[in-house]
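Residues per chain, in single letters:
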Number of protein chains: 2
Amino acid sequence: MDDHLKWQETEAKLIEDCTIFELYESKRESKSGLSGTFYLLKSRDWVNIVPVLTDSRGEERFLMVKQYRQGADKLTIEFPAGLVEKDEHPEKAAGRELLEETGFRAGTLQLIGKIMPNPAFMTNCCYTYLARDLRKVDDQNLDDLEQLEVLEVPVHEVASKIGRGCYLNSMTLIALHWYLRPGGKAP
Amino acid sequence: MDDHLKWQETEAKLIEDCTIFELYESKRESKSGLSGTFYLLKSRDWVNIVPVLTDSRGEERFLMVKQYRQGADKLTIEFPAGLVEKDEHPEKAAGRELLEETGFRAGTLQLIGKIMPNPAFMTNCCYTYLARDLRKVDDQNLDDLEQLEVLEVPVHEVASKIGRGCYLNSMTLIALHWYLRPGGKAP
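This structure is a prediction, so every number in the text was calculated from the model and none was measured. (Residues numbered from 1 in each chain as written. Chains lettered and ligands numbered in written order. Predicted model: local features only at pLDDT ≥ 70, side-chain atom pairs only at ≥ 80, totals over all residues.)

## Section: the overall build of chain A
- Assigned secondary structure in chain A consists of three helices and ten strands.
- Along chain A, from the amino end to the carboxyl end, the secondary structure elements read β-β-β-β-β-β-β-α-β-β-β-α-α.
- For chain A, the spread of C-alpha atoms along the principal axes amounts to about 65 × 40 × 35 Å.
- For chain A, buried positions account for 41% of its 187 residues.
- For chain A, the proportion of contacts with a sequence separation of at least 24, taken over those separated by at least 6, is 60%. (Helix = DSSP H or I, 4+ residues; strand = E, 2+ residues; numbered from the N terminus. Buried ≥ 20, exposed ≤ 12 C-beta atoms within 10 Å, placed from the backbone. Contact = placed C-beta atoms within 7 Å.)

Shown next as structure tokens:
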């Protein structure tokens, strides 16, 4: 019944391979007779990991990473995150990114949400996994240009600071939303 | 104290002007002696509007828009949203986008959250405004390639469906989070 709103690609041209995404120019026509050219970023899917530690008093803390972000020109504190490799299951990517960025291995990984970062011009999804039963098993294993500092932050602190200071990445807000919503946490 | 994590741009080159953003190649050096080239999208800020209607039984409904999204190749249901124009205040942009996309004018607009869509490679912020005291004053006023259908959806339905079906835009999740969090709503 919504067919009149749909569009179809008639031609696509690669403009630039930007490593973490490819910029395309896509010519498209709508069922209702419109035509236009759109810029699209084709990207691999992303994973966001919410690693939860519980201290001796039962207080829950997130394992997070502090890093410099080139787009923002600012330091951010975020959940560990990364790209899903070709032919890799998102859950495997979540475990791998957590291990690389923090040196922690998750005993359990549970998918708690899935969303598209930007359906207007990006083609990919972001999967959020809850990671529990964490054990420090290794040192960080970072790419050449990555500098990440691992830190532990109480859940209530992230919930109250999100959107302010270093807590300015929307992907971290999204993961927090999935974690906090009723039924979002593992039993 | 975090100076060792910081980077500075030494050279920037425009690769492509994509209308809604510009793709740049940015050469940068870190305080700790690293150097690299990064792709960045320079974009105007975005606004997200959460328009709330209350029916005769006191139930709250969001005013939302259904549209085809070229990145997703799917129909989405989202909050009204758009770009902040040059020299425009985000609040003014919120009122303008709401009026253009739905024909409704807001009696009050309240900033309830601010976040960066992607600080890794995008330079912009997204402001979310709560819109109340809504009045239908005009028809839609859309761009040539925009086809938006306006609909009303109960708040609880959006909260339960977010991430599924047509509710797949992360910007809508973000706006919903700001609306639902304690203290997020207007009194």
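## Notes on the domain arrangement of chain A
Residues and elements named next belong to chain A.
- One can read the domain layout of chain A as domain 1 (3–42) and domain 2 (46–180).
- The partner domain 2 presents four residues to the five residues of domain 1 that form the contact.
- Among the residues forming the side of domain 1 that touches domain 2, the class breakdown is four nonpolar, no polar and one charged. (Domains from an automatic or database assignment. Nonpolar A, V, L, I, M, F, W, Y, C, P; charged D, E, K, R; others polar.)

## Some words on the sheet that holds strand β3 (residues 35–42) of chain A
Residues and elements named next belong to chain A.
- The three strands are arranged β1-β2-β3 in an open sheet whose pairing can be described as antiparallel. Each edge of the open sheet carries a strand with a single partner, namely β1 (7–17) and β3. Sheet twist, expressed as the average angle between the axes of neighbouring strands with direction ignored, equals 25 degrees.
- Pairing analysis gives nine bridges linking β1 to strand β2 (residues 22–30), with the strands arranged antiparallel. Bridge pairing in β2 places Glu16 opposite Leu23. (Pairing = 2+ DSSP bridges. Axes fitted to C-alpha atoms, helices over the stretch in contact; angles between N-to-C directions.)

## Examining the relation of the copies chain B and chain A
- Expressed as a screw operation, the relation of chain B to chain A combines 0.0 Å of axial shift with a rotation of 180 degrees, fitting to an RMSD of 0.0 Å. The relationship between the two copies is best expressed as a two-fold rotation axis. (Least-squares fit on C-alpha atoms with pLDDT ≥ 70 in both.)

## Considering the interface of chain B and chain A
- At the junction of the two partners, chain B supplies 45 residues and chain A supplies 46 residues.
- Within the residue set of the side of chain B that touches chain A, elements represented by two or more residues are β1 (7–17), β2 (22–30), β3 (35–42), β5 (60–69), β6 (74–78), β8 (104–115) and α3 (170–180) of chain B.
- Considered class by class, the residues forming the side of chain B that touches chain A number 23 nonpolar, 15 polar and seven charged.

## Section: unusual backbone geometry
- The backbone phi angle of Asp87 of chain A is positive, close to 65 degrees, even though this residue is not glycine.
- By the secondary structure assignment, Asp87 of chain A is in the loop between β7 (81–83) and α1 (90–102).
- Phi at Asp73 of chain B is positive, roughly 55 degrees, even though this residue is not glycine.

## Topic: the confidence of the model for chain A
- Mean pLDDT over chain A: 94, with 97% of residues reaching 70 or higher.
- Here the prediction assigns the complex a pTM of 0.94, and the interface score ipTM is 0.93. (pLDDT = per-residue confidence, 0-100.)

## Re the pairing of β3 of chain A
Residue and element names in this part refer to chain A.
- Relative to β3, β2 is paired through eight bridges, and the arrangement is antiparallel. Within β3, the position partnered with Glu22 by the bridge is Lys42.
- Hairpin connection from β2 to β3: four residues lie between these consecutive antiparallel strands, with Gly33 at a positive phi of about 100 degrees.

## A short note on the environment of Gly82 of chain A
- Looking at where Gly82 of chain A falls in the secondary structure, it is placed in strand β7.
- Sequence separation between Gly82 of chain A and Asn48 of chain A is 34 residues, and the spatial gap between their C-alpha atoms is 6.9 Å.

## Quick notes on the sheet that holds β3 of chain B
Residue and element names in this part refer to chain B.
- With respect to topology, three strands assemble into an open sheet ordered β1-β2-β3, the strand pairing being antiparallel. Bordering the open sheet on either side are β1 and β3, each of which pairs with just one other strand. Each strand axis lies, on average, 25 degrees off the axis of its neighbour in the sheet, ignoring direction.

## Concerning α3 of chain B
- With ten of its eleven residues buried, α3 of chain B lies for the most part within the structure.
- Those residues of α3 of chain B not exposed but buried are Ser170, Met171, Thr172, Leu173, Ile174, Ala175, Leu176, His177, Trp178 and Tyr179 of chain B.

## Here's the deal with the packing of helix α3 (residues 170–180) of chain A against α3 of chain B
- It is at 10 Å that the axes of α3 of chain A and α3 of chain B come closest, and there the two elements cross at 65 degrees. Our pair here, α3 of chain A against α3 of chain B, has a crossing hand that is left-handed. Here α3 of chain A contributes Ser170, Leu173, Ile174 and His177 of chain A to the contact with α3 of chain B, which in turn contributes Ser170, Leu173, Ile174 and His177 of chain B.
- Partitioned by chemical class, the residues of the contact of α3 of chain A with α3 of chain B number four nonpolar, four polar and no charged. (Left-handed = near helix turned anticlockwise from the far one by under 90°.)

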